[in-house]
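An overview of the molecular structure
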Amino acid sequence: MNRHKLENLPSPLFAKEGYYYLLPPPLIRRNSSLWKREVRRDFIIKCRYYPEIINNSDGIALMMVLWVLVLLGIITLNYFNYNRWNSASTRNMKEETRSYYLAVSGYNEALNYLMSDKDTSFDFIDDEGNFWVDKETQPVTGKKSTGDGEIDIKITDEDSRININFANTEQLKKLLLHAGISQESAIEIIDSILDWKDPDREHHLSGAEDEYYEGLEEPYKAKNTFFDLPEELALVKGIKPEYIYGGGEGKSFLNLITTFGRGNMNINTVSKEVMQFLGLSDFEVEAIMKQRSRDAGGFRFIPQQFSVYGLNSISSNDLKIEVTATASNSKMSSRIVAVVRRQPAAKGYKVQTVYWRESAENIRS
Ligand SMILES: [Ca+2]
Ligand SMILES: [Ca+2]
């Protein structure tokens, strides 16, 4: 009987023909992939009538041995899989550690650069996106390759965004309209934002305090103090995640806002996106960027025409350092995002880290 014929036999007939299976019929259905696989691998042995095997102690012993072999096979396979997974995991961890310390070295380089500032009255970001502490000290930002791997350092200024802790109702309304929210809803949401950060428990006309948040399916309380992070807005009544992150009808406002800093906006560091949001014309944006070229070196005073937009500072205290590093011959990349608060002191600067987040990513293609 050839294999082709075997495969086409229904199971009861199959037993009567003088063959049996490794597994009793109830465990192998005729059409199951297991049955077919077993057939293909010649797991079927020509022997005797199936019913006889059930009553025959030799047959039962044989089946038990075969079962043990199958179990041993499964255990061995699992062991090899575990070992393979374990060594891949160890390799990833090793690569991640190397990339992490490379990222930390990038962070320290950025921090030292910020501390080396010779001109406390002034900082600027040039039209290529490099942060300058003064006109002379060459920036450390951008991508660079070293013997240890690749590092990308970015420094941005938190004092170049709209601070939602200090924003007035007009600014908040503009942000919400930017996210595609109707005038009516925006007014209600603003009341809730004000209630969220004011210390009292009296709610504004359309606002919300503890009694609203405590009635939610997953209850919590109103913050009653400043926002720590922009993402915290998602907890406020009426604010949907798409307003913050985008993906709805309007645009995301996450890149326009901050919760760090003094509420000032540095004309020397503010992004084009924020300037456009503030209502500056393309011509005015170009004029500002021209003054922020390497050669011009940024503004030393604020022209009246720009201060009306709220661009009221030329130096920066709260700076975001973002470092992405990949060690050589590694596919694990490590990332650090930190916000440091830099304050001029009697000698040099005092620096406080007010935000720190680290993550790793497998960039194997
Ligand atoms: Ca400076
Ligand atoms: Ca409140």
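Read on for an overview of the structure. (Residues numbered from 1 in each chain as written. Chains lettered and ligands numbered in written order. Predicted model: local features only at pLDDT ≥ 70, side-chain atom pairs only at ≥ 80, totals over all residues.)

The next subject is the overall build of the protein chain. Per the secondary structure count, the protein chain includes 12 helices and 11 strands. Looking at the protein chain residue by residue over its 365 residues, the buried ones come to 30%. If you take every contact in the protein chain between residues at least 6 apart in sequence, the share linking residues at least 24 apart comes to 63%. (Helix = DSSP H or I, 4+ residues; strand = E, 2+ residues; numbered from the N terminus. Buried ≥ 20, exposed ≤ 12 C-beta atoms within 10 Å, placed from the backbone. Contact = placed C-beta atoms within 7 Å.)

Read across the open sheet, the five strands follow the order S5-S6-S9-S10-S11; overall the sheet is antiparallel. Looking along the sheet, the strands with just one partner apiece sit at the ends: strand S5 (142-146) and strand S11 (349-362). Between one strand and the next, the sheet's axes are offset by a mean angle of 20°, whatever the strand orientation. Bridge count for strand S10 (residues 332-344) against S11 is 13 bridges, and the pairing is antiparallel. Counterpart to arginine 342 in the pairing with S11 is valine 351. (Pairing = 2+ DSSP bridges. Axes fitted to C-alpha atoms, helices over the stretch in contact; angles between N-to-C directions.)

Another point: the nonpolar core. In this structure, Leu175, Ile189 and Leu256 are the most contacted members of the largest nonpolar core, which totals 33 residues. Elements represented by at least two residues in this core include exactly helix H6 (169-178), helix H7 (183-197) and helix H10 (272-278). If one sorts the elements of this core by residue count, H7 sits on top with five residues. Judged by nonpolar contacts, the second largest core, of 26 residues, contains Tyr107, Ile153, Ala325 and Val340. (Core = buried A, V, L, I, M, F, W, Y, C linked by C-beta atoms within 7 Å.)

Along S11, only zero of the 14 residues are buried, which leaves the element largely exposed. Hairpin connection, S10 to S11: the antiparallel pair is bridged by four residues, and glycine 348 has positive phi, about 75°.

Moving on, we get to unusual backbone geometry. Of note in this structure, asparagine 224 is not a glycine but carries a positive phi near 60°. Topologically, asparagine 224 is positioned in the loop between helix H8 (210-213) and helix H9 (241-245). Asparagine 224 sits in the partly exposed class, given 14 other C-beta atoms within 10 Å. Look at asparagine 329: it is not a glycine, yet its phi comes out positive at around 55°.

This part is about the pairing of strand S6 (residues 149-157). Relative to S6, S5 runs antiparallel, the two sharing five bridges. Pairing of threonine 146 across the sheet is with glycine 149, part of S6. Taking the residues that link successive antiparallel strands as the turn, the S5-S6 hairpin has two residues. Summarising the sheet, S6 and strand S9 (residues 318-327) pair through nine bridges and their orientation is antiparallel. Residue pairing in the sheet places glycine 149 in a bridge with alanine 327 of S9.

What follows deals with the environment of alanine 167. If you trace the backbone, alanine 167 turns up in the loop between strand S7 (162-163) and H6. For the pair formed by alanine 167 and glycine 263, sequence separation is 96 residues and the distance between their alpha carbons is 7.7 Å.

Take glycine 207: it is sitting in the loop between H7 and H8. The class for glycine 207 is buried, based on 22 C-beta atoms found within 10 Å. Between the alpha carbons of glycine 207 and aspartate 191 there is a distance of 4.4 Å; along the sequence they are 16 residues apart. When residues no more than four places from it in sequence are discounted, the contact partners of glycine 207 are Asp191, Ser192, Leu194 and Asp195.

A few words on the environment of asparagine 264. Within the secondary structure, asparagine 264 sits in the loop between strand S8 (257-258) and H10. Asparagine 264 sits in the buried class, given 20 other C-beta atoms within 10 Å. For the pair formed by asparagine 264 and isoleucine 314, sequence separation is 50 residues and the distance between their alpha carbons is 9.4 Å. Excluding residues that lie within four positions of it along the chain, asparagine 264 makes contacts with Asp159, Asn312 and Ser313.

None of the figures reported here should be taken as evidence of function without further support.
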